[in-house]
Number of protein chains: 2
Amino acid sequence: MSDDTGIATAEQAANDARVLAFGRLLGAANRLEYILGRAIEEECGISHLMFEVLLILGRAGGEGLPMRSIAQEQVLTTGGATRLVDRMEAAGLVSREPARDDRRMQLVRLTPLGERTAVRAARVHAENVQRYFLDPLPAAHRERFAADLRTLSHCARDMLPRLR
Amino acid sequence: MSDDTGIATAEQAANDARVLAFGRLLGAANRLEYILGRAIEEECGISHLMFEVLLILGRAGGEGLPMRSIAQEQVLTTGGATRLVDRMEAAGLVSREPARDDRRMQLVRLTPLGERTAVRAARVHAENVQRYFLDPLPAAHRERFAADLRTLSHCARDMLPRLR
DNA sequence: CCGGAATACCTGACGAGTCAGATACTGTTC
DNA sequence: GAACAGTATCTGACTCGTCAGGTATTCCGG
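Reading the values: rules and limits
- Residues numbered from 1 in each chain as written.
- Chains lettered and ligands numbered in written order.
- Predicted model: local features only at pLDDT ≥ 70, side-chain atom pairs only at ≥ 80, totals over all residues.
- Heavy atoms only, no water.
- Near = heavy atom within 4 Å.
- Polar contact = N/O pair within 3.5 Å; in protein donor to acceptor, adjacent residues only side chain to side chain.
- Helix = DSSP H or I, 4+ residues; strand = E, 2+ residues; numbered from the N terminus.
- Nonpolar A, V, L, I, M, F, W, Y, C, P; charged D, E, K, R; others polar.
- Pairing = 2+ DSSP bridges.
- Contact = heavy atoms within 4.5 Å.
- Axes fitted to C-alpha atoms, helices over the stretch in contact; angles between N-to-C directions.
- Buried < 20%, exposed > 50% of the residue type's maximum accessible area, 1.4 Å probe, protein only.
- Core = buried A, V, L, I, M, F, W, Y, C linked by side-chain atoms within 4.5 Å.
- Buried area = accessible area lost by both parts, 1.4 Å probe.
- Salt bridge = Lys/Arg side-chain N within 4 Å of Asp/Glu carboxyl O.
- 1 Å grid on protein atoms, 1.4 Å probe; cavity = no way out; pocket = protein on both sides within 12 Å on 5 of 7 lines; lining within 4 Å.
- Points joined across faces, edges and corners; volume = space filled by probe spheres on them.
- Least-squares fit on C-alpha atoms with pLDDT ≥ 70 in both.
- Parallel < 35°, antiparallel > 145°, perpendicular 65-115°, else oblique.
- Left-handed = near helix turned anticlockwise from the far one by under 90°.

- Named according to an unreviewed UniProt entry, chain A is MarR family transcriptional regulator originating from Streptantibioticus ferralitis.

## Concerning the protein's contact with DNA strand D
Here is step 1: Taken together, 21 residues are adjacent to DNA strand D, and Arg 83 and Arg 87 of chain A together with Arg 68, Arg 83 and Arg 104 of chain B come closest.
Here is step 2: Among atoms of DNA strand D positioned within 4 Å of the protein, sugar and phosphate together represent 65%.
Here is step 3: Between Arg 87 of chain A and DNA strand D, the recorded distance is 2.4 Å, taken from a side-chain N or O atom to a phosphate oxygen.
Here is step 4: Put simply, the parts of the chain that give the surface near DNA strand D at least two residues each are helix H4 (78–90) of chain A together with helix H3 (67–73) and helix H4 (78–90) of chain B.
Here is step 5: By residue number, the principal contributor to the surface near DNA strand D is H4 of chain B, which donates four residues.
Here is step 6: For the surface near DNA strand D, the class distribution of residues is six nonpolar, six polar and nine charged.

## A few points about the sheet that holds strand E1 (residues 65–66) of chain A
Residues and elements named next belong to chain A.
Here is step 1: An order of E1-E3-E2 is seen for the three strands of this open sheet, with the pairing classed as antiparallel. Bordering the open sheet on either side are E1 and strand E2 (94–98), each of which pairs with just one other strand.
Here is step 2: Direction of pairing for E2 relative to strand E3 (residues 106–110): antiparallel, over a ladder of five bridges. What sits directly across from Val 94, in E3, is Leu 110.
Here is step 3: Its contacts with the sheet place H4 against E2 and E3, and it is angled at close to 120 degrees to E2.

## Here's the deal with the environment of Leu 84 of chain A
All names here are of chain A.
Here is step 1: Inspection of the secondary structure assignment puts Leu 84 in helix H4.
Here is step 2: With relative accessibility at 3%, the residue Leu 84 sits in the buried group.
Here is step 3: Separated by 37 residues in sequence, Leu 84 and Ser 47 have C-alpha atoms that sit 9.6 Å apart.

## Side note on the nonpolar core
Here is step 1: Ile 46 and Phe 133 of chain A together with Ile 46 and Phe 133 of chain B are the most contacted members of the largest nonpolar core, which has 96 residues in total.
Here is step 2: Beyond its immediate stretch of four places on either side in the chain, Phe 133 of chain A contacts Leu 32, Asn 128, Phe 145 and Leu 149 of chain A together with Phe 22, Gly 23, Leu 26 and Leu 152 of chain B.

## Thoughts on the sheet that holds strand E3 (residues 106–110) of chain B
Residues and elements named next belong to chain B.
Here is step 1: An order of E1-E3-E2 is seen for the three strands of this open sheet, with the pairing classed as antiparallel. In this open sheet, the two edge strands, each paired with only one partner strand, are strand E1 (65–66) and strand E2 (94–98).
Here is step 2: As judged from the two bridges shared by E1 and E3, these two strands associate in the antiparallel manner. Along E3, the bridge assignment pairs Pro 66 with Leu 107.
Here is step 3: Sheet strands in contact with helix H2 (residues 48–59) are E1, E2 and E3, and its direction is about 95 degrees off that of E3.

## As for the interface of chain B and chain A
Here is step 1: Taken residue by residue, the interface counts 55 residues in chain B and 54 residues in chain A.
Here is step 2: When chain B packs against chain A, the two sides together hide about 5,800 Å² of surface, and 70% of this comes from carbon and sulfur.
Here is step 3: Our count for the contact surface shared by chain B and chain A stands at zero salt bridges.
Here is step 4: Counting the contacts that link chain B with chain A gives four residue pairs in polar contact (both at pLDDT 80 or more).
Here is step 5: At the level of secondary structure, the elements contributing two or more residues to the side of chain B that touches chain A comprise helix H1 (10–44), helix H5 (112–134) and helix H6 (139–163) of chain B.
Here is step 6: Among the elements that line the side of chain B that touches chain A, the one with the most residues is H1 of chain B, at 21 residues.
Here is step 7: Of the residues assigned to the side of chain B that touches chain A, the class counts are 31 nonpolar, nine polar and 15 charged.

## A look at empty space enclosed by the protein
Here is step 1: Here the structure, examined in full by the defined rule, presents one cavity of 30 Å³ or more.
Here is step 2: If you add up the space inside the largest cavity, you get close to 30 Å³.
Here is step 3: Taken together, Phe 22 and Leu 25 of chain A together with Phe 133, Leu 134, Leu 137, Arg 142, Phe 145, Ala 146 and Leu 149 of chain B make up the lining of the largest cavity.
Here is step 4: Of all the elements in the fold, those that place two or more residues in the lining of the largest cavity are helix H1 (10–44) of chain A together with H5 and H6 of chain B.
Here is step 5: By residue number, the principal contributor to the lining of the largest cavity is H6 of chain B, which donates four residues.

## Focus: the pattern of salt bridges
Residues and elements named next belong to chain B.
Here is step 1: All chains considered together, the criterion is met by 12 salt bridges over all chains.
Here is step 2: Here Arg 96 ties to Asp 86 by a salt bridge, and the two come within 2.3 Å at their closest N and O atoms. With Arg 96 in strand E2 and Asp 86 in helix H4, this pair connects stretches of sequence that are 10 residues apart.

## Let's talk about the relation of the copies chain B and chain A
Here is step 1: The transform that puts chain B on chain A rotates by 180 degrees and translates by 0.0 Å along the axis, for an RMSD of 0.1 Å. Put plainly, the chains are arranged around a two-fold axis. Within chain B, the C-alpha atom positioned nearest to the axis of rotation is that of Asn 30 of chain B, 2.7 Å from it.
Here is step 2: Take the interface residues of chain B: 98% of them recur as interface residues in chain A, which is what a same-surface contact looks like.

## Observations regarding the packing of helix H5 (residues 112–134) of chain A against H1 of chain B
Here is step 1: Running from amino to carboxyl end, H5 of chain A crosses H1 of chain B at an angle of 60 degrees, the nearest separation of the two axes being 9 Å. By the angle between their directions, the pair H5 of chain A and H1 of chain B is classed as oblique. Between H5 of chain A and H1 of chain B the crossing geometry is left-handed. Contact residues: Ala 122, Arg 123, His 125, Ala 126, Val 129, Gln 130, Phe 133 and Leu 134 of chain A in H5 of chain A; Gln 12, Asp 16, Val 19, Leu 20, Phe 22, Gly 23 and Leu 26 of chain B in H1 of chain B.
Here is step 2: Of the residues that constitute the contact of H5 of chain A with H1 of chain B, the class distribution is nine nonpolar, four polar and two charged.

So, in structure tokens, the structure goes:
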């Protein structure tokens, strides 16, 4: 279909334009995520990455988690995670404590304030997701839309290791 | 449906969890965008924001555009745009020239190198969008999926002014 | 046990964005 | 035509991430 000279043909350029238009829609999804993040920041006074960490720690149910697992779930390097948790500790949202059985590890745990904030932020975020992400879509579309996103998500997860 | 004590009921919490799961899918779309951006960076040696600027200038068809319109189309402050264009100028991708009729404005224009890079990057990006965004979806789903994304996109665009 | 690989986290230097406040021009009003 | 608001861009100080290279601890083979 494409010649091997590296020079784009007219049809190819036209097709590219169509494909790029699809690609731009991804940017839309991104913008939506951005908006949801900002809303959390304004309504709860924490960055969207802090929010993610609060959710992760909340899911762990009072158990302390090592830094490592925080860095893994975020798209963050371990260095970045260290600094993020530094700030969260300074803000009184989490505490760090060396693990008994492996003193290389620092177990990160929600403080009472962190827990309250996590609950509140989850509530706010759920409301916003409902309002800006679910409500605008026709009800009959939601399931398939979510399934398609999930398909892409798996595909993306497979790609990530190759790129970093 | 929700009581006015501010305390979440069990049903409410369960519903929130469902909604949050939807929300997490947005993160997937984000990750996909991230991957596409990285690919451009690795294959073309420019940041994904530079790529956006190259496309914008390319669409302008040889006309110089003022900084303002670059800052507007990106999710970037004007200060950020200044610095981005600084780097692009240093890399020889664009040139700046004060506008004749309004010397407050700097018209930004693609250099020949910038133009070549724009074409190549567009090609690469179109291929990647095809591969990671379109191909994984069943063909019968693509149109409706795109339409739904477009719906969300409009909704998001309406929100943005309120947040910054 | 002891020395070296592996693991978990931290840190210094840096890159790239934000924000708020210059700076430089334009257009308008009296 | 001088004062003044408005507009376009730039800049200094800062924040928050990355990367590469520590340091401390654990694990394991000989």
